[in-house]
Amino acid sequence: QVQLVESGGGLVQPGGSLRLSCAASGSIFSIVDMGWYRQAPGKQRELVASKNSGGGTKYADSVKGRFTISRDNAKIAVYLQMNSLNSEDTAVYYCNARVYTAYRKWGDYWGKGTQVTVSS
């Protein structure tokens, strides 16, 4: 099995910054993609940012220029630096990884989520 554990969420004022972290562990052979999704109340889960093993990145239009995704392959971790936060960024943020396991099977894994609340 593969586990993803997020940390770094919390309450921040508009214009502030937060850094989310996600560490992966378990029966991992390789990870193709790691990224962050978010789900606000009453809305569908959406991609925020992802980074593949080749270094390619994707960002939601709403976060371009404000959020930066990075990976540490040695630590099997992914980070999301979030700057200039606004109320529309309030959501539960989920870590996601596309994993080729030690059992030679592909799997899509999710963390339990971390709450980010932007409010004055």
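Provided above is the structure to which this section pertains.
Rules used throughout
- Residues numbered from 1 in each chain as written.
- Predicted model: local features only at pLDDT ≥ 70, side-chain atom pairs only at ≥ 80, totals over all residues.
- Heavy atoms only, no water.
- Core = buried A, V, L, I, M, F, W, Y, C linked by side-chain atoms within 4.5 Å.
- Buried < 20%, exposed > 50% of the residue type's maximum accessible area, 1.4 Å probe, protein only.
- Helix = DSSP H or I, 4+ residues; strand = E, 2+ residues; numbered from the N terminus.
- Contact = heavy atoms within 4.5 Å.
- Pairing = 2+ DSSP bridges.
- Axes fitted to C-alpha atoms, helices over the stretch in contact; angles between N-to-C directions.
- Phe/Tyr/Trp six-rings, centres within 6.5 Å; stacked < 30°, edge-to-face > 60°.

Draft legend 1. Molecular detail of the nonpolar core. Of all hydrophobic cores here, the largest spans 29 residues; its most connected members are Met34, Trp36, Val48, Phe67, Leu80, Met82 and Tyr93. Of all elements in the fold, only β1 (2-7), β3 (18-26), β4 (28-39), β5 (46-52), β7 (67-72), β8 (77-82), β9 (91-101) and β11 (114-118) reach the threshold of two or more residues within this core. Take this core: its biggest share by element is five residues, from β9. If we ignore the near neighbours within four places in the chain, the residues touching methionine 82 are Gly16, Ser17, Leu18, Leu20, Arg66, Phe67, Tyr93 and Val116.

Draft legend 2. Layout of the pairing of β1. Residues Val2, Leu4 and Glu6 line the buried face of β1, whereas the alternating positions Gln3, Val5 and Ser7 sit on a face that is not buried. As paired elements, β1 and β3 share six bridges and run antiparallel to each other. Residue pairing across strands places valine 5 opposite alanine 23, the latter belonging to β3.

Draft legend 3. Structural detail: the sheet that holds β8. As summarised here, the arrangement of the four strands in space is β1-β3-β8-β7, forming an open sheet in which the pairing is antiparallel. Two strands in the sheet have a free side with no partner beyond their single neighbour: β1 and β7. The sheet shows a mean angle of 15° between the axes of neighbouring strands, direction not considered. Note that β3 and β8 share six bridges and pair antiparallel. Bridge pairing links arginine 19 to glutamine 81 in β8.

Draft legend 4. Structural context of the pairing of β9. Counted residue by residue, β9 has eight buried out of eleven residues, so it is predominantly covered. As consecutive antiparallel partners, β9 and strand β10 (residues 106-110) are separated by four residues, and within that stretch arginine 104 has a phi angle of approximately 65°, a positive value.

Draft legend 5. Region of the structure containing the packing of aromatic side chains. Using the criterion set out here, one finds three aromatic pairs in the structure. Here tyrosine 37 and tryptophan 110 contribute two aromatic rings whose centre-to-centre distance is 5.0 Å and whose plane-to-plane angle is 65°, an arrangement assigned as edge-to-face. Of this pair, tyrosine 37 sits in strand β4 while tryptophan 110 is found in strand β10, placing the two residues 73 residues apart along the sequence. Note on tyrosine 37: relative accessible area 24%, which makes it partly exposed. You can call tryptophan 110 partly exposed: its relative accessible area is 35%. Between the aromatic rings of tyrosine 100 and tryptophan 106, the centroid separation amounts to 4.9 Å while the plane-to-plane angle is 40°, which identifies the pairing as tilted.

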